[in-house]
Amino acid sequence: MLDNLKLSFQSIFAHKMRSVLTMLGVIIGIASIIAIVAMIEGQKESLKSSLVGTGNNSIAIMFQSPEAAAMGGSDMVMMGGGEEDPPDVIPTITDEQLEEAKVPDLVKSIAVFYQNYTQAYHLNNLSDSELYAVDDKYFSIFPIKMLEGRKIAPVEHKNGSQVAMINEATRDALFPEGSAINQVIELNKVPFRVVGVYADEKSEEDNMFMMDAGMGKIYLPKSAWPHLGSFNDIPQVLVQAYHSDQLEEAGQVVADSLNSQLPATSTWQYSIPDLQQIMEDINEFNQAFTLLLGGIASISLLVGGIGVMNIMLVSVTERTREIGIKKALGAKRSVILWQFLTESAVLTSIGGIIGVLVGLGGAKAISYFAHLPFAAPVPAIIGSVVFSMAVGIIFGLIPSMKAAKMKPIDALRYE
Amino acid sequence: MIHLKNINKSYWIGKEEVPILHNINLSIEEGEYVSIMGPSGSGKSTIMNILGCLDTPTSGEYILDGNSVLSRKENELSKIRNEYIGFVFQNFNLLPRLTALDNVQLPLVYAKVNKKERKELAIDALTKVGLKDRVNFKPTQLSGGQKQRVAIARALINKPKFILADEPTGALDTASSEQVMNLFTELNKEGVTIVLITHEEEIAQYAKRSIFLRDGAIIKDERRELHAR
Ligand SMILES: Nc1ncnc2c1ncn2[C@@H]1O[C@H](COP(=O)(O)OP(=O)(O)OP(=O)(O)O)[C@@H](O)[C@H]1O
Ligand SMILES: [Mg+2]
């Protein structure tokens with residue numbers, strides 16, 4: 001067997017040009033599969049992490065109606081229509097409740113916050129801003145970097161002080177000149193004092209090249225939320241797990257704990273987004289893509305396979321005398337069969353490996369220039385190499401059998 | 001050891017039957033050194049192919065070492081060739097991509113001898129034909145005489161019952177021919193049965209027995225008590 005492999009490499013390298021041309025179909029087929037799968041995988045990864053924030057192991061819990069929960073719980077998936085009004089009184093989540101929900105070794109941190117959208121004013125300047133009423137724990141999940149001033153102090157969180165941290169975009173809109181620190185801004189006509197400015201997550205380059213430097217964003221103490229005249233808002237809950245593979249478990253534990261404290265009459269419940277469901281939706285989309293890809297790939301592999309068969313037939317004919325000699329010396333049919341099958345399989349496997357490399361390189365290049373995510377699809381890589389080997393064996397079968405069946409006398413006489 | 005009985009061989013050219021061998025009866029015993037002579041086209045190679053289990057006669061019986069050969073399947077014939085017969089061809093028939101050592105080893109590969117033993121035996125055989133220092137040469141790097149000696153080493157390696165040599169000196173000059181023929185004589189002295197096919201009287205002189213063929217029939221079968229040299 002090892003000798004067969006050695007011989008195969010020898011005869012493949014003896015005809016480099018011919019071998020490469022023969023492999024071309026397989027290379028193109030495999031390369032296109034790998035490239036497309038790599039792009040899909042990358043897309044999947046980034047979608048997943050944007051949904052569940054694998055970056056910091058956190059998952060959002062939603063308080064929602066039974067229908068909404070049944071639809072998978074993703075706002076993205078569910079676009080309005082038939083949504084039930086929230087209950088008249090939304091129970092607030094107390095610190096005790098959170099402590100109880102915090103299962104050791106599983107739940108690292110829970111942040112409860114309110115979110116709204118408003119226009120912030122300073123003198124005649126206006127900024128469209130998202131409001132986040134948060135507590136300290138929020139920043140342990142989503143750390144921020146202060147540029148000026150300070151963070152909201154614990155005592156301000158505790159007392160419901162009317163203070164705010166604004167992002168760069170808000171600062172630029174409200175305070176085109178002069179410092180924002182200790183200035184007062186109006187949110188819903190309620191005054192808040194700016195204590196700090198924090199950096200946008202966007203990179204410096206993005207801010208430099210884009211006129212719209214992103215959305216305004218303002219953090220307030222959660223305890224100050226009622227001052228804004230909002231009493232019955234739906235709380236947002238973020239659960240951070242210790243391990244990314246326990247994300248759903250941690251989210252579920254906290255949701256269950258919070259649900260157990262709800263009044264028995266509440267139809268609205270806390271639930272985690274059904275990651276499975278979301279993944280299924282993504283997969284469904286990808287399946288259509290995969291089908292198309294599979295079509296292209298099988299055609300090119302079929303053509304490649306026929307090319308291999310053709311060249312193997314030529315090779316068998318060229319080596320008729322060699323076959324005759326081997327048979328005269330006592331080689332059985334199976335020996336000859338395996339020799340050519342091995343050669344054919346090695347040929348297409350090399351093609352497959354080259355195809356994988358070309359495909360990965362191509363996907364990498366595309367993802368680099370188009371700023372798309374990229375992930376090396378390990379199962380697809382292994383599958384491709386195995387598959388190309390199978391192509392070699394299948395299409396090498398007929399030529400190899402032809403070789404094995406040659407009569408020694410005819411093979412020896414061949415000129 | 002070798003018994004051909006009433007062997008006939010015909011080829012079909014289209015629908016026409018062309019008889020080549022006519023009623024050949026031939027027995028060769030162990031240790032003999034036989035030459036088969038005859039003009040070109042008389043059927044020498046055809047007999048050799050039948051003896052070598054490479055081809056089958058149209059009718060007749062071939063008993064090798066007490067066993068009938070003709071009913072055997074292809075794989076069994078491969079085994080018989082591997083165990084009983086060593087081939088030496090006019091055009092050497094070495095595999096061009098393999099070294100002398102690997103060429104000589106081939107029959108042992110098919111006999112499933114392990115690698116180490118294979119190599120030792122092959123080096124012994126090459127030493128015997130005087131090519132110890134050409135072990136790693138490829139056929140293209142060897143002279144005609146050297147190639148034929150590699151082929152003889154290959155024919156010997158399985159300790160066959162007999163060696164079939166079809167015009168072994170056909171492509172060689174006088175000196176190389178002499179060397180090869182002396183090798184055969186030496187082997188025969190060691191007890192190896194040799195069947196030598198040639199159309200050259202001078203080469204046939206090396207054998208102890210000469211069979212003459214004409215138009216596919218044996219016309220003379222003579223033994224020499226004292227053979228040349
Ligand atoms: N495959 C074949 N089909 C038809 N006729 C064949 C075939 N092989 C050999 N013959 C014929 O059989 C006859 C004997 O051939 P063979 O090769 O045995 O001769 P030979 O005695 O070895 O001659 P040479 O000394 O030239 O090698 C020739 O007339 C040849 O034309
Ligand atoms: Mg001949």
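Residues numbered from 1 in each chain as written. Chains lettered and ligands numbered in written order. Predicted model: local features only at pLDDT ≥ 70, side-chain atom pairs only at ≥ 80, totals over all residues. Heavy atoms only, no water.

Going by an unreviewed UniProt entry, chain B carries the name ABC transporter, ATP-binding protein and comes from Bacillus badius.

The name given to chain A in an unreviewed UniProt entry is Macrolide export ATP-binding/permease protein MacB, and the organism recorded there is Bacillus badius. In the Subcellular location (unreviewed entry) part of its UniProt record, chain A is described as follows: "Cell membrane". (UniProt positions renumbered as here; feature names shortened; annotations may be inferred.)

**Student:** Before we move on, could you go through the nonpolar core and cite the residues and values that matter?
**Tutor:** When a protein is soluble and globular, its nonpolar side chains tend to lie buried together. Counting residues in each nonpolar core, the largest one holds 59 residues, and the members touching the most others are L4, Y62 and F162 of chain B. Ranked by residue count, the leading element in this core is helix 12 (residues 333-369) of chain A, at five residues. Filtering out sequence-adjacent residues up to four positions away, Y62 of chain B remains in contact with I2, H3, L4, I50, L51, C53, N67, S68, V69, L70 and F162 of chain B. Of all hydrophobic cores here, the second largest spans 37 residues; its members include L94, V135, L156 and V180 of chain B. (Core = buried A, V, L, I, M, F, W, Y, C linked by side-chain atoms within 4.5 Å. Buried < 20%, exposed > 50% of the residue type's maximum accessible area, 1.4 Å probe, protein only. Helix = DSSP H or I, 4+ residues; strand = E, 2+ residues; numbered from the N terminus. Contact = heavy atoms within 4.5 Å.)

**Student:** Talk me through helix 13 (residues 378-405) of chain A; I want residue IDs and the actual numbers.
**Tutor:** Residue and element names in this part refer to chain A. The end-to-end C-alpha separation of helix 13 is 40 Å, in line with the 40 Å expected for 28 residues at 1.5 Å each. A bend of about 45° at L397 is the largest found in helix 13, and the proline P399 appears one to four places after it. Regarding helix 13, the residues found buried are A380, S384, S388, V391, G392, F395, G396, P399, S400, A403 and A404. (Expected span 1.5 Å × (residues − 1). Bend = angle between axes of the 7 residues up to and from the residue.)

**Student:** Go over the packing of helix 12 of chain A against helix 13 of chain A with me, naming the residues and quoting the values.
**Tutor:** Relative orientation and spacing of two packed helices are given, respectively, by the angle between their axes and the distance between those axes. Residue and element names in this part refer to chain A. Two numbers describe how helix 12 lies on helix 13: the axes approach to 6 Å, and their chain directions differ by 150°. Taken as axis vectors, helix 12 and helix 13 run roughly antiparallel relative to one another. For the pair helix 12 and helix 13, the sense of crossing is right-handed. (Axes fitted to C-alpha atoms, helices over the stretch in contact; angles between N-to-C directions. Parallel < 35°, antiparallel > 145°, perpendicular 65-115°, else oblique. Left-handed = near helix turned anticlockwise from the far one by under 90°.)

**Student:** Residues and numbers for the site of ligand 1, please.
**Tutor:** Taken together, 13 residues lie near ligand 1, and S40, G41, K44, S45 and T46 of chain B sit nearest. Those chains with residues close to ligand 1 are chains A and B. S45 of chain B places a polar side-chain atom, nitrogen or oxygen, 2.7 Å from an oxygen atom of ligand 1. Protein coverage of the free-state accessible area of ligand 1, which is 640 Å², stands at 64%. Going through the elements one at a time, strand 1 (2-13) and helix 1 (44-51) of chain B are the ones with two or more residues in the shell around ligand 1. Residue classes in the shell around ligand 1 are distributed as four nonpolar, six polar and three charged. (Near = heavy atom within 4 Å. Polar contact = N/O pair within 3.5 Å; in protein donor to acceptor, adjacent residues only side chain to side chain. Areas by Shrake-Rupley, 256 points an atom, 1.4 Å probe, with all protein chains shown as cover. Nonpolar A, V, L, I, M, F, W, Y, C, P; charged D, E, K, R; others polar.)

**Student:** Help me get a handle on the sheet that holds strand 7 (residues 162-166) of chain B, residues and values and all.
**Tutor:** Residues and elements named next belong to chain B. The strand order across the open sheet formed by six strands is 6-7-8-3-9-10, and the pairing between neighbours is mixed. Of all strands in the sheet, those with a lone pairing partner are strand 6 (85-88) and strand 10 (217-223), marking the two edges. Taking each pair of neighbouring strands and ignoring which way they run, the sheet shows an average axis angle of 15°. Relative to the sheet, helix 1 contacts strand 3 (33-37), strand 6, strand 7, strand 8 (193-197) and strand 9 (209-214), its axis offset from that of strand 7 by approximately 155°. (Pairing = 2+ DSSP bridges.)

**Student:** A description of the interface of chain B and chain A should follow, citing residues and the corresponding values.
**Tutor:** Contacts between chain B and chain A engage 24 residues on the former and 24 residues on the latter. Of the roughly 2100 Å² buried between chain B and chain A on both sides combined, carbon and sulfur atoms contribute 54%. Considering only the surface of chain B that becomes buried against chain A, E74, R97 and Y110 of chain B emerge as the three largest contributors, covering 32% of it. Linking chain B to chain A there are three salt bridges. Measuring nitrogen to oxygen at the nearest pair gives 2.7 Å for the salt bridge that ties K327 of chain A to E74 of chain B. (Buried area = accessible area lost by both parts, 1.4 Å probe. Salt bridge = Lys/Arg side-chain N within 4 Å of Asp/Glu carboxyl O.)

**Student:** Give me the lowdown on the pairing of strand 6 (residues 184-187) of chain A, citing residues and values where you can.
**Tutor:** Residue and element names in this part refer to chain A. Residues I185 and L187 point to one face of strand 6 and are all buried, whereas V184 and E186, pointing to the other face, are not buried. Bridge analysis of strand 6 against strand 7 (residues 190-198) gives four bridges, and the strand direction is antiparallel. Residue pairing across strands places V184 opposite R193, the latter belonging to strand 7.

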